[in-house]
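# Survey of secondary and tertiary structure
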Amino acid sequence: MTTSDSQPVRIALLQTEGSPGDVEANLQELREAAERAAQAEAGLLLTPEMFVTGYNIGGQLSALTALPLTESVAEIARVAGVAIAAGLPLTADGGIVNSVALFDRQGQQIARYDKTHLFGDLDRSMFSAGSAPSPIIDFEGLKLGMLICYDVEFPETVRSLALQGADAVLVPTAQMAPYAFIAERTIPSRAWESQIYVAYANHVGAEGDLTYVGRSSVTAPDGEILTMAGEEPELLFAELDPKRVRASREENPYLNDRRPDLYTA
């Protein structure tokens, strides 16, 4: 399927409190969300950052990372017939990385991205930084990139994916108070300035000393907020249409009008 005749892809975003430290409970919640997404004819389900294990879980992280996490998510995707982009810990170069793994409808892992920009002492105490940019994945005619939480707050990360031809960026996040303004203002700006869909899936509730702000959203490349949650658990849906990306880039030609020769240090 070429970009010109690509059809919209319906996606689902899981905003949830989750069950920090309880992998089985989180997998059951993921199973139920995947079934609901399939019933709503969504092709892909996006979770928050580190959803499968919990994010702010301290000394539990190492033992939970050793569990067969990717195999479990893959089976859920296969049974439900829905692709899943799941936030979870994985290993790389002997350390633990904060990752998002993408599984297709058949349960095959087709991509992985490790968080490259670590946020504060919490991230740095638990994770090694990823060292590679997101791949560009062709998913049912839609070109996807992936970032995690703090990564998307750097304009260069999203702009780089857009310049490589991505139509959308999937962003599992664990955005906490007092940073609700990131979800409300920065994320829509990222979509507008690079004419790209941004799908942003957050936690709600509290985890340790963190209080999450929710406000999961999908913003279109022309800046329209297609859906935004409040501060309660919710399964959100939105349509991602490659044709809208092309139209947005023709109407607002930021990418073509750039002068990168002027931006170097």
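For the structure given in this document, a descriptive report is provided here. (Residues numbered from 1 in each chain as written. Predicted model: local features only at pLDDT ≥ 70, side-chain atom pairs only at ≥ 80, totals over all residues. Heavy atoms only, no water.)

## A closer look at the overall build of the protein
In terms of regular secondary structure, the protein is built from 8 helices and 14 strands. Taking 265 residues into account, the globule formula puts the C-alpha radius of gyration at 18 Å, and the protein, at 17 Å, falls close to it. For the C-alpha atoms alone, the extent of the protein along its principal axes is close to 50 × 45 × 35 Å. A buried classification covers 54% of the 265 residues belonging to the protein. Long-range pairs, those at least 24 residues apart, make up 67% of the contacts in the protein with a sequence separation of at least 6. When the accessible area of the protein is evaluated, it comes to approximately 11100 Å², of which 49% is carbon and sulfur surface. Counting 19 positive and 37 negative side-chain charges, the protein places the centres of these two groups 6 Å from one another. (Helix = DSSP H or I, 4+ residues; strand = E, 2+ residues; numbered from the N terminus. Rg over C-alpha atoms; globule rule 2.2 N^0.38 Å. Buried < 20%, exposed > 50% of the residue type's maximum accessible area, 1.4 Å probe, protein only. Contact = heavy atoms within 4.5 Å. Areas by Shrake-Rupley, 256 points an atom, 1.4 Å probe, with all protein chains shown as cover. Lys, Arg positive; Asp, Glu negative; His and termini not counted. Charge placed at Lys NZ, Arg CZ, Asp CG, Glu CD.)

## Thoughts on empty space enclosed by the protein
Applying the stated criterion across every chain, the model contains 1 cavity of 30 Å³ or more. Of the volumes computed, that of the largest cavity is approximately 40 Å³. Surrounding the largest cavity, Glu17, Gly18, Ser19, Pro20, Asn26, Phe51, Gly54, His203 and Glu207 form its lining. A breakdown of the residues in the lining of the largest cavity according to their chemical character gives 2 nonpolar, 5 polar and 2 charged. (1 Å grid on protein atoms, 1.4 Å probe; cavity = no way out; pocket = protein on both sides within 12 Å on 5 of 7 lines; lining within 4 Å. Points joined across faces, edges and corners; volume = space filled by probe spheres on them. Nonpolar A, V, L, I, M, F, W, Y, C, P; charged D, E, K, R; others polar.)

## Digging into the pairing of strand E9 (residues 197-201)
The element E9 is largely enclosed, with a buried count of 5 among its 5 residues. Here E9 shows a buried face lined by Tyr197, Ala199 and Ala201 and a second buried face lined by Val198 and Tyr200. Where strand E8 (residues 168-172) lies against E9, 5 bridges are found, and the strand directions are parallel. Within E9, the position partnered with Pro172 by the bridge is Ala201. What joins E8 to E9 is helix H6 (residues 180-194), and the crossover it makes is right-handed. Note that E9 and strand E12 (residues 217-219) share 3 bridges and pair antiparallel. (Pairing = 2+ DSSP bridges. Right-handed = clockwise from strand over helix to strand, strands pointing away.)

## Here's the deal with the sheet that holds strand E7 (residues 142-146)
Across the sheet, which stays open at both edges, the 6 strands sit in the order E6-E7-E8-E9-E12-E13 with mixed pairing between neighbours. If you trace the sheet from one side to the other, it starts and ends with strand E6 (137-139) and strand E13 (225-228), each paired once. Looking at each pair of strands side by side, their axes are set apart by 20° on average, direction ignored. Summarising the sheet, E6 and E7 pair through 3 bridges and their orientation is antiparallel. (Axes fitted to C-alpha atoms, helices over the stretch in contact; angles between N-to-C directions.)

## Section: the packing of helix H1 (residues 23-39) against helix H3 (residues 69-80)
One can describe the packing of H1 onto H3 by two numbers: an axis separation of 9 Å at closest approach and a directional angle of 25°. It follows that H1 is roughly parallel to H3 by the angle criterion. Read as a crossing pair, H1 and H3 show a hand that is right-handed. On H3, the residues that touch Val23, Leu27, Leu30, Arg31, Ala34, Glu35 and Ala38 of H1 are Leu69, Ser72, Val73, Ile76 and Ala80. Its residues assigned to classes, the contact of H1 with H3 comprises 9 nonpolar, 1 polar and 2 charged. (Parallel < 35°, antiparallel > 145°, perpendicular 65-115°, else oblique. Left-handed = near helix turned anticlockwise from the far one by under 90°.)

## Notes on the packing of aromatic side chains
Across all of its chains, the model carries 6 aromatic pairs by this definition. Between Tyr150 and Phe154, the aromatic rings sit 5.0 Å apart at their centres with planes inclined by 75°, giving edge-to-face as the arrangement. Tyr150 gets classed as partly exposed once you look at its relative accessible area, which sits at 22%. Assessed through its relative accessible area of 27%, Phe154 is described here as partly exposed. Ring geometry for Tyr179 and Phe181: centres 6.3 Å apart, planes at 65°, overall edge-to-face. Of the residues examined, Tyr179 reaches a relative accessible area of 31% and is grouped as partly exposed. Relative accessible area serves as the criterion here: at 35%, Phe181 is assigned to the partly exposed category. (Phe/Tyr/Trp six-rings, centres within 6.5 Å; stacked < 30°, edge-to-face > 60°.)

## Remarks on the side chain of Ser194
With respect to the helices and strands, the residue Ser194 is situated in helix H6. On the accessibility criterion, Ser194 (1% relative accessible area) is buried. Excluding residues that lie within four positions of it along the chain, Ser194 makes contacts with Val158, Arg159, Ala162, Arg249 and Leu255.

By themselves these figures say nothing about function.
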